[in-house]
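Read off the chains here:
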Amino acid sequence: MAKPKKNKMPPKMEKLMSLCKRRGFIFQSSEIYGGQSACWDFGPLGVELKNNIKQLWWKAMVQENENIVGLDAAIIMHPKVWEASGHVEGFNDPMVDCKKCKKRWREDMISGDSCPDCGGELTDVRQFNLMFKTHVGAVEDSAAVAYLRPETAQGIYVNFTNVVNSSRQKLPFGIAQIGKAFRNEITPGNFIFRSREFEQMEMQFFVKPGEDEKWMEHWREKRWEFHQRLGIRQDRLRWHEHGPDELAHYARSAYDIEYKFPFGWSELEGVHNRTDFDLTRHKEFSGKDQSYFDQPNNERYIPFIIETSAGVDRTMLQVLADAYEEEPGEKENRVVMRISPLVAPIKAAIFPLTKKDGMPERAREIYDELSREFNVFYDLAGSIGRRYRRMDEAGTPYCITVDGDTATDNTVTVRHRDSMEQERVKIDDLKTMIRSAMENYVRPETVDIFDIDED
Ligand code: GAP
């Protein structure tokens with residue numbers, strides 16, 4: 001994995017990146033060719049964690065709210081969409097180049113007027129559009145230009161009337177979507193925090209003008225709750241309200257949920273009051289009516305939109321960073337990922353203690369039974385201690401061992417990841433035990449040796 005400069009990455013991030021590669025959470029894209037910068041591949045554990053985060057979000061937004069429906073819009077949209085949204089004109093970052101080492105910087109992210117790396121002289125500021133451009137069809141002329149979407153939100157706005165007409169939803173209601181977005185970031189970095197290809201989980205809630213700030217409060221509360229459900233430590237989360245000079249052109253008010261990453265407090269997701277900007281612009285650019293007829297009040301208007309916009313990859317990095325701990329041990333530190341069982345990639349590992357006395361067969365039976373409901377893992381190789389350590393690093397809450405007594409009393413030894421305590425549990429009770437851990441997990445208060453205050 002191509003590592004960012006050593007002096008820039010906090011030690012905990014270095015350790016986490018190495019664990020992610022070692023255990024198969026995250027690999028650099030196209031690594032055997034030297035890597036594709038700021039693009040990432042998710043390995044066997046990574047894809048499970050990512051899917052669990054997305055499923056939890058979908059459940060919290062679509063399944064648990066009768067007035068929210070889902071959508072999956074295309075990544076490539078009509079180019080006019082991006083004119084209407086303001087991205088063609090305004091989705092720019094100010095860029096400068098170092099004349100000496102040629103390194104490129106986002107001007108608003110550096111202090112001083114020389115290159116932060118080599119001290120060289122910088123060029124004048126130029127505006128750089130972050131959208132990836134491509135051509136659709138066989139002819140590469142300007143008429144065929146298209147963009148990879150830089151946000152999923154626009155796919156929702158352009159389908160507003162389709163959803164109203166087909167789903168019989170009445171205001172206030174929301175449309176939710178999870179999908180890839182692409183931004184040609186000038187300075188990506190901090191592992192998967194800022195990449196060029198990433199995923200968003202966005203929900204656009206359409207409301208009557210005048211009711212917008214009330215719904216903004218509602219969604220701020222709900223989004224805060226979501227991070228509790230992920231099992232994230234409270235003192236690592238805070239709100240940041242956008243000041244007048246930070247507000248996007250479309251926003252009346254905006255709040256970010258920030259997490260205290262090892263590299264400092266940074267944005268995880270935004271809750272924005274986008275007013276009637278988006279639908280009004282799409283009405284102007286498409287010539288199609290985007291208004292809503294409010295039957296009970298006999299009124300027609302363009303709805304206001306409250307948006308909740310979270311990054312899947314950033315949420316995943318939050319879960320990983322919050323989970324990573326090293327406990328000092330006698331011979332070596334114990335690396336343990338305290339991931340909530342709700343989103344943990346593997347819920348339980350099943351080990352036969354030895355290869356004899358029918359233990360592997362019994363362990364296989366338990367695997368077959370549990371795997372109908374949970375993602376579980378069977379492991380026969382190595383000492384029990386080594387098998388525990390591997391599962392600690394994978395964030396697996398339970399290790400279940402079939403031993404000599406299992407055949408007679410139908411019980412197994414369950415070893416708990418967080419406390420390392422062991423208990424005998426009836427095989428028939430294993431499913432209930434895992435289900436209950438997924439619903440009721442509380443992250444233990446522990447001392448992490450990397451937990452140095454970076455403020
Ligand atoms: N529709 C609104 C919108 O896209 P944003 O603040 O630009 O707002 C929303 O992005 C979220 O998407 C961010 O809070 C972050 O979690 C995620 N995100 C944005 N750019 C990203 C990038 N380059 N890499 C990873 N995640 C990103």
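Just so you know, these numbers come straight off a predicted model, no measurement behind them. (Residues numbered from 1 in each chain as written. Predicted model: local features only at pLDDT ≥ 70, side-chain atom pairs only at ≥ 80, totals over all residues. Heavy atoms only, no water.)

Comments concerning the overall build of the protein chain
Rule in force here: Working definition: helices are DSSP H or I runs of at least four residues, strands are E runs of at least two. Numbering for both runs from the N terminus. Atoms counted for the radius of gyration: C-alpha only. Globule rule: 2.2 Å times residue count to the power 0.38. To sort residues, take the accessible area from a 1.4 Å probe on protein chains only and compare it with the maximum for the residue type: under 20% means buried, over 50% means exposed, and anything in between is partly exposed. What makes two residues a contact is simply this: any of their non-hydrogen atoms within 4.5 Å. Accessible surface area values rest on a Shrake-Rupley calculation with a 1.4 Å probe, where residue burial reflects the displayed protein chains alone.
Of the regular secondary structure elements, the protein chain holds 13 helices and 23 strands. Over its C-alpha trace the protein chain gives a radius of gyration of 25 Å, about what one expects of a compact globule, namely 23 Å for 455 residues. When the backbone C-alpha atoms are referred to their principal axes, the protein chain occupies close to 75 × 65 × 50 Å. When each of the 455 residues of the protein chain is scored for burial, the buried share is 53%. Long-range contacts, defined here as pairs at least 24 residues apart, represent 65% of the contacts in the protein chain between residues at least 6 apart. Taken as a whole, the protein chain presents about 21,700 Å² of accessible surface, with 48% of it coming from carbon and sulfur.

Focus: the site of the ligand
Test applied: It suffices for a single heavy atom of a residue to lie within 4 Å of a molecule or strand for the residue to be listed as near it. Identification of polar contacts relies on pairs of N or O atoms within 3.5 Å, with a donor-acceptor requirement for protein atoms, meaning one able to donate a hydrogen and the other able to accept it, and with residues adjacent in sequence counted only if both atoms are side-chain atoms. The nonpolar class holds Ala, Val, Leu, Ile, Met, Phe, Trp, Tyr, Cys and Pro. Asp, Glu, Lys and Arg form the charged class, and all remaining residues, Gly among them, are polar.
Every one of the 19 residues lining the ligand counts as a neighbour, but Glu151, Glu202, Glu267, Leu268 and Glu307 are closest to it. Here Gln200 contributes a side-chain N or O atom positioned 3.0 Å from an oxygen atom of the ligand. In the complex, 92% of the free accessible area of the ligand, which totals 560 Å², lies under the protein chains. Those elements that provide at least two residues to the shell around the ligand are β10 (197-207), β13 (264-273) and β16 (304-311). When residues in the shell around the ligand are grouped by element, the largest group, four residues, is from β16. Class assignment for the residues of the shell around the ligand results in five nonpolar, four polar and 10 charged.

Some points on the pattern of salt bridges
Should their charged atoms come close, side chains of opposite charge can pair. Note the threshold: We define a salt bridge as a side-chain nitrogen of Lys or Arg found within 4 Å of a carboxyl oxygen belonging to Asp or Glu.
If you walk through the whole model with that rule in mind, you get 42 salt bridges. Note that Arg229 and Glu64 form a salt bridge whose closest N and O atoms lie 2.8 Å from each other. Here Arg229 is found in helix α7 (residues 212-229), whereas its partner Glu64 is found in the loop between α2 (44-63) and β3 (68-70), with 165 residues between them in sequence. Its relative accessible area of 40% is what places Glu64 among the partly exposed residues. In the salt-bridge network here, residues are joined through shared partners; they are Arg233, Asp322, Glu325, Glu327, Arg334, Arg338, Arg389, Asp392, Arg415, Arg417, Asp418 and Arg443.

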